[in-house]
Structure formats: structure tokens, C-alpha cells
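Listed below, chain by chain, are the residues.
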Amino acid sequence: MAEREENLLIEFFSPGIEPHDVPQLFPLLNARSYIDALIAMFRGGNEEVLVRLMVLREIGLRVDTPEWSPQELSSHFSFITQAKFNTVLHRLREHGLLLWDAEQRVYQLSTTGRMVLSALSNLLSFSTEQDGELGFLAAQIAAGSSVGKLSPEALSHLLARLAELEGEFSQAVTSGSEFRLRAAQSKLESVQKWMDKSNEVMRNLSADGLDETTWRLAQQIGQRQSKLMRMSSVFQRELAAIARQQVHLSQGGLSSSELAAWLKQRSIDELTDLVAQQLAYTPEATFILPDVMLDNTEEFVAREQPNRRISTMPNPAEIEYVNDVPYEPPPQLLELTRLLSGLNEPLSVADAVVGGSFSAASYRLSLLSFLGEQSVDPELAPLAELPVTLQWHEHNELHTINRDEVTAISDGQLIPKEMQI
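Residues numbered from 1 in each chain as written. Predicted model: local features only at pLDDT ≥ 70, side-chain atom pairs only at ≥ 80, totals over all residues. Heavy atoms only, no water.

Caption draft 1: Summary view of the pattern of salt bridges. Scanning all chains against the criterion turns up eight salt bridges. Glu 48 is the salt-bridge partner of Arg 52, the closest N and O atoms lying 3.4 Å from each other. Of this pair, Arg 52 and Glu 48 both sit in helix α4 (residues 46-61), four residues apart, which is roughly one turn of the helix. Given the relative accessible area of 4%, Arg 52 is considered buried. Between Glu 335 and Arg 364 there is a salt bridge, and its shortest N-O distance comes to 3.7 Å. With Glu 335 in helix α15 (residues 331-341) and Arg 364 in helix α17 (residues 358-367), the pair connects residues that are 29 residues apart, well separated along the chain. Judged by its relative accessible area of 38%, Glu 335 falls in the partly exposed class. (Salt bridge = Lys/Arg side-chain N within 4 Å of Asp/Glu carboxyl O. Helix = DSSP H or I, 4+ residues; strand = E, 2+ residues; numbered from the N terminus. Buried < 20%, exposed > 50% of the residue type's maximum accessible area, 1.4 Å probe, protein only.)

Caption draft 2: Region of interest: the sheet that holds strand β4 (residues 388-392). The antiparallel open sheet is built from three strands, whose spatial order is β3-β7-β4. Single-partner strands in this sheet number two, and they are β3 (347-348) and β4. Sheet topology note: the β3/strand β7 (residues 412-416) ladder contains two bridges and is antiparallel. Its bridge partner being in β7, Ser 348 is matched across the sheet by Gln 413. (Pairing = 2+ DSSP bridges.)

Caption draft 3: Structural detail: the nonpolar core. Among the nonpolar cores identified, the biggest contains 32 residues, and Leu 134, Ile 141, Phe 169 and Phe 235 are the most heavily contacted of them. Listed in part, the 25 residues of the second largest apolar core include Leu 336, Tyr 363, Leu 367 and Leu 383. (Core = buried A, V, L, I, M, F, W, Y, C linked by side-chain atoms within 4.5 Å.)

Caption draft 4: Layout of the environment of Arg 364. The buried category is assigned to Arg 364, whose relative accessible area is 10%. When the C-alpha atoms of Arg 364 and Gln 332 are compared, they prove to be 6.5 Å apart, with 32 residues separating the residues in sequence. Arg 364 has contacts with Gln 332, Glu 335, Leu 336, Ala 352, Val 353, Val 354 and Gly 355, leaving out every residue within four places of it along the chain. (Contact = heavy atoms within 4.5 Å.)

Caption draft 5: Focus on the layout of surface pockets. The computed volume of the largest pocket comes to approximately 1400 Å³. As for the largest pocket, its lining consists of 43 residues, of which Asn 199, Ser 226, Met 229, Leu 398 and Ala 408 are closest to the centre. Sorting the residues of the lining of the largest pocket by element identifies α10 (178-204), α11 (212-245), α17, β4, β5 (398-403) and β6 (406-410) as the ones contributing at least two each. With 12 residues, α11 is the largest single contributor of residues to the lining of the largest pocket. Of the residues that constitute the lining of the largest pocket, the class distribution is 17 nonpolar, 17 polar and nine charged. Of the pockets and cavities examined, the second largest pocket occupies roughly 1100 Å³. Elements with a contribution of two residues or more to the lining of the second largest pocket: α2 (26-30), α3 (32-42), α7 (111-127), α8 (132-146) and α9 (152-175). By residue number, the principal contributor to the lining of the second largest pocket is α7, which donates seven residues. (1 Å grid on protein atoms, 1.4 Å probe; cavity = no way out; pocket = protein on both sides within 12 Å on 5 of 7 lines; lining within 4 Å. Points joined across faces, edges and corners; volume = space filled by probe spheres on them. Nonpolar A, V, L, I, M, F, W, Y, C, P; charged D, E, K, R; others polar.)

Note that every value here comes from positions in space, so none of it alone points to a role or purpose.
In C-alpha cells, the structure reads:
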């Protein structure tokens, strides 16, 4: 059997290539017994796989007496037909997931079976969590680090997932869509707790005992997570810019964004009822080239209807004029402007922006980027013209806060210009 499998494996490779000499395949061949166990567990129909997993998990969950007699198994799984249950037990025994002690006449979970179940339990524990893939990857890294078996492969998976999130968030910012920005902002908030856990793991790592590749991956993960955590202020800035451009439709303050959000929540039938008798249906002559049709129409109008060249606008429709709703700048902008206008000594960034909630702090932090800018919106001009300079510390360390929903913030200072050297 092993020789036949070896021959089948060789068929996948070019002539003269020995599978055992392929570096990418060698680790998998070394773990062949565990991979065979997984193949045996998941081979077959979905229903068979689910029943095997259920039986194996139940057998492995009994701690005090891990051995099971055939009578105990039959009684415990009496809800499964006997013929099907015997088939499941036979497959688990055949592939070494379940051991049969002929001397004591009891079943017991094998070492391979317990390792397979342990790996699956980690996967199942994060399956119900929102965006739990980051938590699952961080748990693997933390577990490997604690026992001195940190896998570069696990670090690569985490780094790749962070890169996917960064790309997704960057596309949302580039799109300029309020709905995509809010969806990305919600996504960032949902993965925030997992990134915090991952940060704890990364901080506990040290270069001692790690090879160069593993340490480099760990550093890249830290840098990527730092970029993602700064995206919150980017979202706030972009949403604030969109809010300034919103069109208000009535004196009640209804905006175009609110109307669009309401329409997105309606079903197709509701939208059809709303536009009933409001839209005109025009058949599209897809068999005619638009440029040719336009040329023929212009020629016809010039030849047959020369007076149609002069057209008049239709009479204005009766509309109700409303007063524009005055725009009120966010209170955080006014508070920050008042705070910095009376600044006569250096002030830490944390003292300037932290307060109220995480979203309020993120918005204040995004406002600091406008200090010293020349071309800004009128409501930002008082802040931009203040004689204050923002300076970040070169070591780029995080300053621990632990209040008002903010755990840590980049270390920096706001310095009046007269105090600068």
C-alpha cells in the first residue's frame, strides 16, 4: 500500500524529481501519520464526517475514565443506529484514531486522535466569534511561543491576514464612499480586540531563541498592526470631510446620506412601489450603434427641422424653498481649538486628545494633522492658524493611557512656536 501511494505521488512531479527532495513537501511527508489521520477523519460524505467528529469528540471529553467499554459506547451513542455506529468505530480504529485494548476489552483515544481533536477544538472555539480568524492565529502564535515552538508559518498567516485588512481599508478610503468607510470602520472596531491580544504576544517575544526569519516576521506584524490602528483617525477624517459635503434635503436636517442609507434597507418590492409611475421606460435599441444613430439624428434635424435648432427651457416647476440648515462644527473641534489657543508650554498629545470616548479621541488626533496647513476648510482655519507645532518622538513608542476607552497612544508633544529652538 505504501509503495502504491509513493508511485502515485511521483506521478505529480516532473521526470527525475524525487518527492522527498522537494523542500516544500518534506515537512508534510514527515508528518504523514497525522495527515493520514486527518484524511481518514474527513474523507467521505459530509454526514459521515460530522458523525465521526461527534463520536471522537465525545470519547475524548471523558477525563476521569478515558477508557470506554463497548457496552458504554453503545449506551452513550444509543441515538445512532448500531450498524452505522459500528462502521464509524471500525474506521476510527483502522486509521489509528481510536485504540482497542484486546486484553482489557476497552476503547481509548490514541495520541494522534487527541492531537487532532485538540487542533480542531481551537478552530471550533473561534468559529462563532466575529472576525475570529485573527484570534485563532494569535492563539496559535501565543501557544507556540509559550512552549518554545513558534512557527514562522503561523506568523506568515497572521501577517498575510493583516495585509488583506490593510488593503481592504485602503480601498474603502480611496473609494470615498461613506458606506464603505463606515463598514471598514466597523470592521476595524471588531478586529481591534484581536489585534490587542496579538500585540501582547508580540511584545512578549524577544530576539533570543528566534531565528532571523521568525524575528523579521514578528517585526513586520508589529509594524502592520500599528498602521491598522492608525486607520481609525483616517476614517474619522474622511467621514468628517463627507459630512461637510452632505446635502440637506429639508428643514428637518435630513441628509442625502441618511436617505441613501434608508433606501439600502428597503426590499426590491418596496423600492418598486416607491418608483411606481415615477420613471419612464425607454426601450434600448441595442442593435444600433450609438455614434451612427447620433450622426443620423443630427443630419435629420438639420435637414428636415431647421427651426428645432433653437430650443427653450421649460417653465420652472413649483418648488418649496427652505432655509439652509446652519452647519455646526463638531464640539471636539471647538474644544481642541480653545485648548491650544491658550497654550504657553509643551502639552503631550495624550492630554490634548484623550477624553470622552475612543471615537472622540480618534477625531481629535486626526485634527492635529491640520496644524500649520494653509489650504483648509473655513471651519478648520482657526485651528490650522494656531502657533503650535506637533512633534512625534523619534523612538515612536506608545504611551500607556488606560482611560476613556484608550489603551495607548503614540508619544508626542504640542509645542508653542515661541518655545521652539
